[in-house]
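One letter stands for each residue in the lines below.
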Amino acid sequence: MRAAGAERKGTWQEIASILLLLSLWQIGAALAASRLFPGPLRVLQSLVHEAINGPLFHHLSITLARVGVSFVIAMVIGTALGIALGRLPSLDRWLNPWLVVLLNLPALVVIILTYIWLGLVETALLVAVALNKIPNVAVTLREGARALDRDYTEVAQVYRFGHWTTLREVIVPQLAPYLLAAARNGLALVWKIVLVVELLGRSNGIGFQLQSYFQLFDVPRVIAYAAAFVLCVLLIEIMLFAPLERRSGQWRR
């Protein structure tokens, strides 16, 4: 009961925080009185217009597909690599310098080189985005693998759980917070990189549209297209990540 009350209170606080942000935005737009700094109502009008009469859903669906594929590739490879590095110190010593280099290599450089080497094709986009995210996922999961409780592993060995049962019942629940952290950060990073890749070398997607409206100095539509994707990410957070977070923490209680 107390936990439910605290959760409802937290929800109302989040709603109040969003309303405060929108109010401050509207006040700032009114004080600026400039077409280059539109208020939320003007942006909402542009968003509705693009959704009904414009190509918003077409470009949004393309970008979402690219984000989804790149995200899955980066999470699968990064998770496998991170767990391996966390469990095998010798492999970690060999590959750690590579991770440091990739973590500090600018995303723009990776994108440009990938386009030069592979051409302005869809494969180059996916490779560029995945390469920028895999090191972050690997580092996060490496720390999670290092933090695994050996007592649980020994219990699994005593009761002869087997590799798959141990992975499902012992390892994955302990890695869940790290997986969720990597997924949240990954989604936030991947979609931003996808927009840059689309802006530089694709003829469709949200990034391409942002470039078009930037050339026209159409600020309301620039913000509207960005807001459309942010709303999609918020829905993913509410419908996927938040329930997974609650479920993954039940075993600790």
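In the block above lies the structure referred to throughout.
Residues numbered from 1 in each chain as written. Predicted model: local features only at pLDDT ≥ 70, side-chain atom pairs only at ≥ 80, totals over all residues. Heavy atoms only, no water.

Draft legend 1. Local environment of the packing of aromatic side chains. Applying the stated rule across the entire model yields three aromatic pairs. Measuring from centroid to centroid gives 4.6 Å for tryptophan 191 and phenylalanine 229, while their planes differ by 15°, and the two rings are stacked. Highlighted residues: tryptophan 191 in helix H8 (residues 163–201) and phenylalanine 229 in helix H10 (residues 219–248), separated in sequence by 38 residues. For the pair shown, tryptophan 191 and phenylalanine 229 are each scored as buried. With centroids separated by 6.3 Å and ring planes inclined at 40°, the aromatic side chains of phenylalanine 214 and phenylalanine 217 adopt a geometry described as tilted. Residue phenylalanine 214 shares its accessibility class with phenylalanine 217, and that shared class is exposed. (Phe/Tyr/Trp six-rings, centres within 6.5 Å; stacked < 30°, edge-to-face > 60°. Helix = DSSP H or I, 4+ residues; strand = E, 2+ residues; numbered from the N terminus. Buried < 20%, exposed > 50% of the residue type's maximum accessible area, 1.4 Å probe, protein only.)

Draft legend 2. Fine view of the environment of glycine 28. Along the chain, glycine 28 turns up in helix H1 (residues 2–32). Residue glycine 28 is classed as partly exposed on the basis of its relative accessible area of 23%. Along the sequence, glycine 28 and glycine 39 sit 11 residues apart, while their C-alpha atoms lie 7.8 Å from each other.

Draft legend 3. Summary view of the pattern of salt bridges. Evaluated as defined, the whole model comprises 10 salt bridges. Two residues, glutamate 198 and arginine 66, come together in a salt bridge whose shortest N-O distance is 2.8 Å. In this pair, glutamate 198 sits in helix H8 while arginine 66 sits in helix H3 (residues 56–87), placing the two residues 132 residues apart along the sequence. The buried category is assigned to glutamate 198, whose relative accessible area is 0%. Residue glutamate 143 pairs with arginine 146 through a salt bridge whose shortest N-O separation is 3.1 Å. In this pair, glutamate 143 and arginine 146 are both assigned in helix H6 (residues 122–146), three residues apart and thus about one turn of the helix distant. Connected via shared salt-bridge partners are Arg66, Glu122, Glu198 and Arg202. (Salt bridge = Lys/Arg side-chain N within 4 Å of Asp/Glu carboxyl O.)

Draft legend 4. Representation of the nonpolar core in the model. The biggest cluster of nonpolar side chains holds 37 residues, and the ones touching the most others in it are Val67, Val129, Val197 and Ile206. Listed by contribution, the elements that provide at least two residues to this core are helix H2 (40–52), H3, helix H5 (107–118), H6, H8, helix H9 (206–215) and H10. (Core = buried A, V, L, I, M, F, W, Y, C linked by side-chain atoms within 4.5 Å.)

Draft legend 5. Structural detail: the packing of H3 against H6. At a closest axis distance of 6 Å, the pairing of H3 and H6 adopts a crossing angle of 35°. In the packing of H3 onto H6, the handedness of the crossing is right-handed. The residue inventory of the contact of H3 with H6, partitioned by class, reads 17 nonpolar, five polar and six charged. (Axes fitted to C-alpha atoms, helices over the stretch in contact; angles between N-to-C directions. Left-handed = near helix turned anticlockwise from the far one by under 90°. Nonpolar A, V, L, I, M, F, W, Y, C, P; charged D, E, K, R; others polar.)

Draft legend 6. Highlighting a nonpolar patch on the surface. Side chains of Leu108, Ile112, Ile116, Trp117, Leu118, Val121, Val127, Leu131, Val196, Leu199 and Leu200 sit close together on the surface and give an oily, nonpolar patch of about 970 Å² of accessible area. Broken down by element, the residue count for the nonpolar patch peaks at five residues, all from H5. Considering the arrangement of structural elements, one finds isoleucine 112 in helix H5. Isoleucine 112 sits in the partly exposed class, given a relative accessible area of 39%. (Patch = residues over 30% accessible without salt bridge, like charges linked within 9 Å, V, L, I, M, F, W, Y side chains within 5 Å. Areas by Shrake-Rupley, 256 points an atom, 1.4 Å probe, with all protein chains shown as cover.)

Draft legend 7. View of the packing of helix H4 (residues 89–104) against H6. Where H4 meets H6, the closest approach of the two axes is 9 Å, and the angle between their N-to-C directions is 140°. With respect to H6, the element H4 is oriented oblique. In this structure, H4 meets H6 at a crossing whose hand is left-handed. Mapping the contact onto sequence places Asp92, Asn96, Leu99, Leu102 and Leu103 in H4 and Pro135, Asn136, Ala138, Val139, Arg142 and Arg146 in H6. (Parallel < 35°, antiparallel > 145°, perpendicular 65-115°, else oblique. Contact = heavy atoms within 4.5 Å.)

Draft legend 8. Main features of the side chain of threonine 114. Inspection of the secondary structure puts threonine 114 in helix H5. Accessibility expressed as a relative area gives 5% for threonine 114, which makes it buried. At 2.6 Å, the side chain of threonine 114 and the backbone oxygen of valine 110 are in polar contact. The residues contacting threonine 114, other than those within four sequence positions of it, are Gly119, Ala124, Val127 and Ala128. (Polar contact = N/O pair within 3.5 Å; in protein donor to acceptor, adjacent residues only side chain to side chain.)

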